[in-house]
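Chains, contacts and geometry: an overview
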Amino acid sequence: MTINEIAKMAGVSNAAVSRYLNGGSLSQEKRARIKEVIDETGYQPDTYAQMLRTRKVRQIGVIVPKISSTAVAEATAGISDILNRENYMFLLANTDNDEKKELEYLSLFGANRAAGVILLATIITPEHEEMLSQMRIPVVLVGQRHRQFPCVYHNDYEAAKELDELVLKKGRRRIGYIGVTQRDVAVGYLRRKALVDACREYGIAENEICFTEGDFNHGSGYEQGRLLLEREPELDAIVCATDTAAVGVIQTARQMMGRRVPEDLSVVGIGDSWACRVVEPALTTAHYFYEESGREAARMILSLLEGKENVPVRQTMLGYELKLRDSV
């Protein structure tokens, strides 16, 4: 399928089709006729050829911390959905949670004429802030809130606090917590703070909570859960900063410690990954709209590229839904 064939089917000139594909001015009638033909035929223009003709870069750099993560996969699917509709390519860079690689990819995309960057952020260091402030192309953060940069983030504090209160309302008072580094403000700091605040409201001091820290994977949750229960066998609840950790806790409690969930031990996580629904018992958690976060970030970067933003820094917080299952 060529531009010439599209033009003949729509009853317009080749130039009109070219203007449509390149975002040029066109009457609504011609635009509608061309769109109808393209939708019917499934025509996809040669994006690289367009870039050469128009000298307009139509590719977005997407930097992710862990390509195997369910949350990352869903957010990336949302980004892809919007960018594909607008005929943008995206270049995916996986950092394996390496801060230096994030900085390297930011520099690479900035130097090689990507139109913009979407960064699925974890830890924002002073080096990140300096580089982001010097970028000549727009950058949108996903997953972290930062007052200086456009971002899409989740309501981590309220989601965690509502889950913590579910546990406390069940009468659980010996609380363990598996978190991640507090340098990660969203997942590490805010979710931990939510537990401390919720426990304080129920008369439990911070020093009465059994804290430990792990990584973003099931094996870490399994091991940290075992260590917590060995150290404090009287624990009647373990709150986890992530679903992957919580699934590990459920398995270690049953397999190694002989603890029944939820009869002896309540367990909660955050994120609502697929594992929450297949583990036994199914995990109580907060559902995050990861795919929508990706869509919103893509819409935001495109608006910045088109000069449609009316404010210097746009920030969007997404909601959540509690998923009450059998682990509490």
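Throughout what follows, the structure given in this document is the object of discussion. (Residues numbered from 1 in each chain as written. Predicted model: local features only at pLDDT ≥ 70, side-chain atom pairs only at ≥ 80, totals over all residues. Heavy atoms only, no water.)

A few points about the packing of helix H10 (residues 218–231) against helix H11 (residues 243–255)
Axis angle and axis distance: for two packed helices, these are the angle between their axes and the distance between the axes, and together they describe the pair. For clarity, the cut-off: Throughout, an axis means a line fitted to C-alpha atoms (over the contacting stretch in the case of helices), and angles, computed between N-to-C directions, take values from 0 to 180 degrees. The helix count covers DSSP runs of H or I at least four residues long, the strand count covers runs of E at least two residues long, and both are numbered beginning at the N terminus. Each angle gets one of four labels, with under 35 degrees taken as roughly parallel, over 145 as roughly antiparallel, 65 to 115 as roughly perpendicular, and the rest as oblique. For a crossing to be left-handed, the near helix must be turned anticlockwise from the far one by less than a right angle; the clockwise case is right-handed. Contacts are assigned to residue pairs with any non-hydrogen atoms lying within 4.5 Å of each other. Under the convention adopted here, Pro, Cys and the residues Ala, Val, Leu, Ile, Met, Phe, Trp and Tyr are nonpolar, Asp, Glu, Lys and Arg are charged, and Gly plus all remaining residues are polar.
At their nearest, the axes of H10 and H11 sit 7 Å apart, and the two run at 50° to each other. As judged from the angle between their axes, H10 and H11 are oblique. In the packing of H10 onto H11, the handedness of the crossing is right-handed. Counted together, His218, Gly221, Tyr222, Gly225, Arg226 and Leu229 of H10 and Thr244, Ala245, Val247, Gly248, Val249, Gln251, Thr252, Ala253 and Gln255 of H11 form the full contact between these two elements. A per-class count over the contact of H10 with H11 returns 6 nonpolar, 8 polar and 1 charged.

Some points on the sheet that holds strand S9 (residues 266–268)
Quick note on the threshold: Strands pair, by our definition, only if DSSP identifies at least two bridges between them.
Taken together, the 4 strands give an open sheet; going across it, the order is S7-S6-S8-S9, and neighbouring strands pair in parallel fashion. The two strands at the open ends of the sheet, each matched to only one other strand, are strand S7 (210–213) and S9. The average undirected angle you get between the axes of adjacent strands in this sheet is 15°. Bridge analysis of strand S8 (residues 237–240) against S9 gives 3 bridges, and the strand direction is parallel. What sits directly across from Val239, in S9, is Val268.

Remember that the coordinates give geometry; whether it matters functionally is a separate question.
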